[in-house]
Amino acid sequence: MEKETVLTIDGLKKLETKLDYLKSVRRREVAERIKQAIEFGDISENSEYEDAKNEQAFIEGEILTLEKMLRNAKLIDEDDIKTDVVTLGAKVTLKDLEFGDRLEYAIVGSAEADPTEAKISNESPVGRAILGQKVGSIVTVDVPAGMLQYEILEINHRTKHS
């Protein structure tokens, strides 16, 4: 059984756009590189050809992965996102109890996680610890660096604030 890929509407659109780009643009670019490398002559010692073939294999692997993810996609219904407890699709404001920092995260499926955009996976240590918790809850997260404690300050419907 293939693993379900939990996505928001935005996440689904991003994956579809990336897949389309790989199929329509990157495939053609790499095919052209292979064609040019073959024109250089003997391909047995042609590093351009080898490099282009490796890139082609990587792109095809990425296309297969994206197609599988999209085939097994389960969309988060934005109307089902509760704001009384932390759920997938929610935007959560946390307070780091050691340093006092306020952190905002959107809780998303692993396929959409991107720490640079403050999107953390429901499968990450912090994501797992806060799922199902309410405002005012204090959670302890076991991470490689030790134990972190957060207080949940706010839970919002993601699309209202993103």
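Use the structure listed above.
No experiment lies behind these values; they were computed from the predicted model shown.

Asks: Teacher, can you tell me more about the sheet that holds strand β4 (residues 102-108) here?
Replies: The sheet built from 5 strands is open, its strands ordered β5-β4-β3-β7-β6 with mixed pairing. Of all strands in the sheet, those bounded by a partner on one side alone are β5 (119-121) and β6 (138-143). The sheet shows a mean angle of 45 degrees between the axes of neighbouring strands, direction not considered. Of the pairings in the sheet, the one linking β4 to β5 comprises 3 bridges and is parallel in character.

Asks: In this structure, what is going on with unusual backbone geometry? I would like to understand it.
Replies: Trans is the prevailing form of peptide bonds, just as negative phi is the prevailing case for residues other than glycine. Of note in the backbone geometry, Ala-118 takes a positive phi value of approximately 60 degrees without being a glycine. Residue classification places Ala-118 among the partly exposed residues on the basis of a relative accessible area of 26%.

Asks: Where do I start with the environment of Ile-38 in this structure?
Replies: Relative to the elements of secondary structure, Ile-38 occurs in helix α1 (residues 9-39). Given a relative accessible area of 44%, Ile-38 falls into the partly exposed group. Sequence separation between Ile-38 and Lys-134 is 96 residues, and the spatial gap between their C-alpha atoms is 61 Å. The residues contacting Ile-38, other than those within four sequence positions of it, are Ile-43 and Tyr-49.

Asks: Teacher, can you tell me more about the pattern of salt bridges here?
Replies: Any two side chains of opposite charge can pair, on the condition that their charged atoms come close. If you walk through the whole model with that rule in mind, you get 12 salt bridges. Taking the shortest distance from any N to any O, the salt bridge between Arg-33 and Asp-51 comes out at 2.6 Å. Here Arg-33, found in helix α1, pairs with Asp-51, found in helix α2 (residues 47-71); they are 18 residues apart in sequence, far enough to count as distant. Through salt bridges that share partners, Arg-26, Glu-29, Arg-33, Asp-51 and Glu-55 make up one connected network.

Asks: Explain α1 to me, please; I cannot follow it from the model alone.
Replies: Two residues of an α-helix separated by three or four positions point the same way, owing to the 3.6 residues in each turn. Counted at 1.5 Å a residue, the expected span for α1 with its 31 residues is 45 Å, and the 44 Å between its end C-alpha atoms agrees. Leu-22 marks where α1 bends most, by close to 35 degrees. Inspection of α1 places Gly-11, Leu-12, Leu-15, Leu-19, Leu-22, Arg-26, Val-30, Ile-34 and Ala-37 among the buried residues, and these make up the whole buried set. Looking at the buried side of α1, the elements it contacts are β1 (5-7), α2 and β2 (73-75). Following α1 by one or two positions, Gly-41 has its phi on the positive side, about 115 degrees.

Asks: I would appreciate a short explanation of the pairing of β6 in the present structure.
Replies: Two faces, one strand: in a regular strand the side chains alternate between the faces of the sheet. Going residue by residue along β6, you find Val-139, Val-141 and Val-143 tucked away on one face and Ile-138, Thr-140 and Asp-142 left uncovered on the opposite face. In the sheet, β6 pairs with strand β7 (residues 146-157) via 6 bridges, with the strands oriented antiparallel. Across the sheet, the residue bridging to Val-141 is Leu-148, located in β7. The antiparallel hairpin formed by β6 and β7 contains 2 residues in its connecting segment.

Asks: Got a minute to help me understand the nonpolar core in this structure?
Replies: Inside soluble globular proteins, nonpolar side chains tend to come together where they are buried. Membership of the largest hydrophobic core comes to 15 residues, with the highest contact counts inside it found for Val-86, Val-92, Leu-94, Ile-107, Val-126, Ile-130 and Ile-152. Listed by contribution, the elements that provide at least two residues to this core are β3 (90-96), β4, α3 (125-130), β6 and β7. Excluding residues that lie within four positions of it along the chain, Ile-107 makes contacts with Val-86, Thr-87, Leu-88, Gly-89, Ala-90, Val-92, Ile-120, Asn-122, Ile-130 and Leu-131. Membership of the second largest hydrophobic core comes to 14 residues, among which are Leu-7, Ala-37, Tyr-49 and Ala-52.

Cut-offs applied
Residues numbered from 1 in each chain as written. Predicted model: local features only at pLDDT ≥ 70, side-chain atom pairs only at ≥ 80, totals over all residues. Heavy atoms only, no water. Pairing = 2+ DSSP bridges. Helix = DSSP H or I, 4+ residues; strand = E, 2+ residues; numbered from the N terminus. Axes fitted to C-alpha atoms, helices over the stretch in contact; angles between N-to-C directions. Buried < 20%, exposed > 50% of the residue type's maximum accessible area, 1.4 Å probe, protein only. Contact = heavy atoms within 4.5 Å. Salt bridge = Lys/Arg side-chain N within 4 Å of Asp/Glu carboxyl O. Expected span 1.5 Å × (residues − 1). Bend = angle between axes of the 7 residues up to and from the residue. Core = buried A, V, L, I, M, F, W, Y, C linked by side-chain atoms within 4.5 Å.

What is shown is where atoms sit, not what they do.
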